[in-house]
Amino acid sequence: MAGYDFQNYVGALVTLVPLLSDFTVNPTTTYGGLTAVGTVVIGVPAPAGGVVVNLASSLAGTSVPATLTIPEGAVSADFNVVTTPVAAISTTTLTVTYGATSLSTTLTVKPLALSSFTLDTSTVLGGFGAVGTATITAPAPPGGLTLTVTSSLAAASVPATV
């Protein structure tokens, strides 16, 4: 029977021991600086005191809690997978361990990138301004994102960052 480890002795009580049955992360691809959600599932409700599992990530810039407790009576628990900005697409292996059993899943972390930059006009008269709009490939991470702005024309002043 899936999710059960029968320890059966003749004439003895059958003990149901929780086993890992599923491990997922959502989304499976995200951008650096954003958070994904991991879910650990066991096959039977957690006993009194809950079930404590160990978590690990293979990528230094991706952090997970060291342990996760599935509460008494529950069959699953969620946790945050926090990523940091990356320069290139990176894949991390996330692993959950309980007893001698481990399950793994992967999370792909992409770099945020500038997808477009436009001005509200193509010609500006001296002394007047234009408004620029920068668009990035995903929502900005918590705390925002700083973009560096430059101009190839000395007469056109721009802020150093936005």
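Since the model is a prediction, treat every value here as computed from it, not as a measurement.

Within the protein, the secondary structure is distributed over 0 helices and 13 strands. Ordered by position from N to C terminus, the α and β elements of the protein give β-β-β-β-β-β-β-β-β-β-β-β-β. Taken against the 2.2 N^0.38 rule, which gives 15 Å for 162 residues, the C-alpha radius of gyration of the protein at 25 Å runs more than 25% over that of a compact globule. Expressed as lengths along the three principal axes of its C-alpha atoms, the size of the protein is roughly 95 × 25 × 20 Å. Buried residues in the protein amount to 24% of all 162 residues.

On to the sheet that holds strand E3 (residues 20-26). Taken together, 4 strands build an open sheet; the order of strands is E3-E5-E9-E7 and the sheet is antiparallel. The open sheet has two edge strands, E3 and strand E7 (62-63), and neither has a second partner. Strand direction decides the pairing type here: E7 and strand E9 (residues 76-83), joined by 2 bridges, are antiparallel. Bridge pairing in E9 places Thr62 opposite Thr83.

To continue, consider the environment of Thr28. Looking at the secondary structure, you find Thr28 in the loop between E3 and strand E4 (29-31). When the C-alpha positions of Thr28 and Thr91 are compared, they lie 9.8 Å apart, and in sequence the two are 63 residues distant. Setting aside residues no more than four positions away along its own chain, Thr28 makes contact with Thr106, Leu107 and Thr108.

This brings us to a nonpolar patch on the surface. Where nonpolar side chains cluster on the molecular surface, the patch consists of Leu114, Phe117 and Leu119 and spans about 320 Å² of accessible area. Along the chain, Leu114 turns up in strand E12 (residues 114-119). Exposure remark for Leu114: the relative accessible area of 51% places this residue in the exposed category.

What follows deals with the confidence of the model for the protein. With 90% of its residues at a pLDDT of at least 70, the protein reaches an overall mean of 88. Mean pLDDT values for the elements of the protein range from 54 in strand E1 (residues 4-7) up to 98 in strand E8 (residues 67-70).

Now for the side chain of Thr83. In this fold, Thr83 is placed in strand E9. A polar contact of 3.4 Å, which involves the side chain of Thr83, links it to the backbone oxygen of Tyr31. A polar atom in the side chain of Thr83 sits 2.6 Å from the backbone oxygen of Leu34. Among all residues touching Thr83, those that are not within four sequence positions of it are Thr30, Tyr31, Gly32, Gly33, Leu34, Gly61, Thr62, Leu107 and Val109.

So, on to the environment of Val25. Within the secondary structure, Val25 is located in strand E3. Taking relative accessible area as the criterion, Val25 reaches 6% and is therefore assigned buried. Here the alpha-carbon distance between Val25 and Asn80, two residues 55 residues apart in the chain, equals 9.3 Å. When neighbours within four sequence positions are excluded, Val25 is seen to be in contact with Ala36, Val37, Gly38, Val81, Leu94, Thr105, Thr106 and Leu107.

Attention shifts here to the packing of aromatic side chains. Under the criterion given, the structure shown has 1 aromatic pair. Judged by centre distance (6.2 Å) and plane angle (25°), the rings of Phe23 and Phe79 are stacked. With Phe23 in strand E3 and Phe79 in strand E9, this residue pair connects regions lying 56 residues apart in the sequence. Judged by relative accessible area, Phe79 falls into the buried class, the value being 6%.

Locating Pro139 in the fold gives a position in the segment after strand E13 (132-136). When the C-alpha atoms of Pro139 and Ala113 are compared, they prove to be 11 Å apart, with 26 residues separating the residues in sequence.

How each quantity is defined
- Residues numbered from 1 in each chain as written.
- Predicted model: local features only at pLDDT ≥ 70, side-chain atom pairs only at ≥ 80, totals over all residues.
- Heavy atoms only, no water.
- Helix = DSSP H or I, 4+ residues; strand = E, 2+ residues; numbered from the N terminus.
- Rg over C-alpha atoms; globule rule 2.2 N^0.38 Å.
- Buried < 20%, exposed > 50% of the residue type's maximum accessible area, 1.4 Å probe, protein only.
- Pairing = 2+ DSSP bridges.
- Contact = heavy atoms within 4.5 Å.
- Patch = residues over 30% accessible without salt bridge, like charges linked within 9 Å, V, L, I, M, F, W, Y side chains within 5 Å.
- Areas by Shrake-Rupley, 256 points an atom, 1.4 Å probe, with all protein chains shown as cover.
- Salt bridge = Lys/Arg side-chain N within 4 Å of Asp/Glu carboxyl O.
- pLDDT = per-residue confidence, 0-100.
- Polar contact = N/O pair within 3.5 Å; in protein donor to acceptor, adjacent residues only side chain to side chain.
- Phe/Tyr/Trp six-rings, centres within 6.5 Å; stacked < 30°, edge-to-face > 60°.

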